[in-house]
Structures are given as structure tokens and as C-alpha cells.
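Chain residues, written in single-letter form:
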Amino acid sequence: RVAKWFIQHHPQGGKVAVIEGQPGVYAAGQRTRGFKETLDSAGKFTIVASVPANWSREQAFNAASTILQQHPDLIGIYANNDTMALGVVEAVRAQNKASQVAIFGTDGISDAYASIKRGELTGTVDSFPVLTGEVAMDVMIRLINGQKLSRVVSTPQALITKENVDAFSTKDNARLRQLLVQQ
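Residues numbered from 1 in each chain as written. Predicted model: local features only at pLDDT ≥ 70, side-chain atom pairs only at ≥ 80, totals over all residues. Heavy atoms only, no water.

Asker: Could you give an account of the side chain of His71, with specific residues and numbers?
Answerer: Relative to the helices and strands, His71 is located in the loop between α3 (57–70) and β3 (76–79). Ignoring anything within four residues of it in the chain, the contact list for His71 reads Lys15 and Val48. (Helix = DSSP H or I, 4+ residues; strand = E, 2+ residues; numbered from the N terminus. Contact = heavy atoms within 4.5 Å.)

Next up, the structure:
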């Protein structure tokens, strides 16, 4: 979803970087791989760095600071979680590049939503843990009842940006389901 945002908003391409989670962790690998593969399919982007920050805000700040110094024309950074993305926000702000560099995270934590509302973080991929929990319970019940399941069970997620952050800030799960169907 983040890579598709870059493709849509930067049709000319550009330089981007990835701040990875902990090396060897499945989620970090999947998030990074999906981002890179989707961007590569556009053929106009260069991933100038992809470095681990071990889910740490401070390590993400340090990594982003270095990347920004090495690549002053960077247009964006994708961090594997929101905590690291918020560290990237601080690094970008410190180098006065907030209007140039789009910053995305993953998880949809409340601090990310607040940062998006303030115009700092460009976006987050929210996986809606409560709704994911409902899917997990449904899968468990189906398994207990001996029903067959597909190899992959999808759970809801959405790219949250300034355009939709207010709508997705709801605590009403029925409203969230409606918003997700509309995507």
C-alpha cells in the first residue's frame, strides 16, 4: 500500500529508503519485501538504503539521519513500524526536509494517527488488531468445527493518510468495517 502511494504520488520516481525492523523477523522481511517488489515493478524508483533499526525509534532516527545526509534528494522513507517511523519524522524535521520527504510506518498506533493529524507522518498501514482478532476467532471456530480453510486468510488493513485519518480514527468497529469495504 505504501509503495502504491509512492507510485501514484511520484509518477516520475525517485530515491527512497527502508528502515527495517529486526533482522530475521518474519514481519520485517515481509513488509520490506512487499514494499521493494511493488516499487521495483514501477521501474522508476531507486531504493538507496535498506537498513535495520531493530524496532527502535532512536536507531531509526540515527539511520534516517545518515541516509538523509548521504542522499539529500531522497523523496521518501518507509519504516517497518510506526515507532521507527516517528524516529524518522524527527530526523527529517532536524534536517529541514519535511516538505520533501514522505514518511510511512506500519501498525496504526495512536501516536502515528496523532502525527498524521499534525502533518508530520505521511501515513501508516493500519491492520486493525480488533478486527484481525475477530477474523482469528472465526478461523479458530471453523477449525474446531472441522471446516476446511484456504491456505491464506486475509485480514483488514488500510493506508491511513491525512485524507482519511479522521474517518479511520473511529472506535466504532461497525463503521470501520464500512470504511474498509469502501476501499
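Still more to cover.
Asker: Help me get a handle on the pairing of strand β1 (residues 14–20), residues and values and all.
Answerer: A large share of β1 lies buried, amounting to 5 of its 7 residues. Sheet topology note: the β1/strand β2 (residues 45–52) ladder contains 7 bridges and is parallel. Bridging across to β2, Val16 finds its partner in Ile47. After leaving β1, the chain enters helix α2 (residues 26–42) and then returns to the sheet as β2, a path that is right-handed. Note that β1 and β3 share 4 bridges and pair parallel. Among the inter-strand pairings, Ile19 is bridged to a residue of β3, identified as Ala79. (Buried < 20%, exposed > 50% of the residue type's maximum accessible area, 1.4 Å probe, protein only. Pairing = 2+ DSSP bridges. Right-handed = clockwise from strand over helix to strand, strands pointing away.)

Asker: Explain the sheet that holds strand β4 (residues 102–107) residue by residue, including any values.
Answerer: Strand order across the open sheet formed by 6 strands is β2-β1-β3-β4-β5-β6, with mixed pairing between neighbours. The strands lining the two open edges of the sheet, one partner per strand, are β2 and β6 (158–161). Ignoring strand direction, the axes of neighbouring strands in this sheet form an average angle of 20 degrees. As defined by bridge partners, strand β5 (residues 123–126) adjoins β6 across 4 bridges and the pair is classed as antiparallel. The residue bridging Thr124 from the neighbouring strand is Ile160, located in β6. Packing against the sheet, helix α1 (residues 2–9) makes contact with β1, β2, β3, β4, β5 and β6, and its axis sits at approximately 155 degrees to β4. (Axes fitted to C-alpha atoms, helices over the stretch in contact; angles between N-to-C directions.)

Asker: Give a description of the environment of Asp107 that names residues and reports values.
Answerer: Along the chain, Asp107 falls in strand β4. You can call Asp107 partly exposed: its relative accessible area is 27%. In this structure the C-alpha to C-alpha distance between Asp107 and Lys117, which are 10 residues apart in sequence, comes to 16 Å. In this structure Asp107 touches Arg31, Asn81, Asp82, Thr124, Val125, Asp126 and Ser127, once residues within four positions along its chain are discounted. Looking at Asp107, its side chain comes within polar contact range of the side chain of Arg31, at 3.3 Å. (Polar contact = N/O pair within 3.5 Å; in protein donor to acceptor, adjacent residues only side chain to side chain.)

Asker: Mind laying out the environment of Ile19, listing which residues take part and the relevant values?
Answerer: With respect to the secondary-structure elements, Ile19 resides in strand β1. Classification of Ile19 by relative accessible area gives buried; the value is 0%. With 60 residues separating them in the primary sequence, Ile19 and Ala79 have C-alpha atoms 4.5 Å apart. Beyond its immediate stretch of four places on either side in the chain, Ile19 contacts Val51, Ala53, Ala60, Ala63, Ala64, Ile67, Ile77, Tyr78, Ala79, Asn80, Met84 and Val88.

Asker: Describe in detail the pattern of salt bridges, supporting the description with residues and values.
Answerer: Scanning the entire structure with this criterion turns up 7 salt bridges. As a salt-bridge pair, Glu90 and Arg57 come within 2.6 Å of each other at their nearest N and O atoms. Of this pair, Glu90 sits in helix α4 (residues 82–94) while Arg57 sits in helix α3, and the two are 33 residues apart along the sequence. On the basis of relative accessible area, Arg57 is assigned to the partly exposed category, the value being 34%. Of the charged contacts, one joins Arg177 and Glu134 as a salt bridge, the two residues approaching to 2.6 Å between their closest N and O atoms. Of this pair, Arg177 sits in helix α8 (residues 173–181) while Glu134 sits in helix α6 (residues 129–144), and the two are 43 residues apart along the sequence. Take Arg177: its relative accessible area is 36%, and that puts it in the partly exposed class. Accessibility expressed as a relative area gives 36% for Glu134, which makes it partly exposed. (Salt bridge = Lys/Arg side-chain N within 4 Å of Asp/Glu carboxyl O.)

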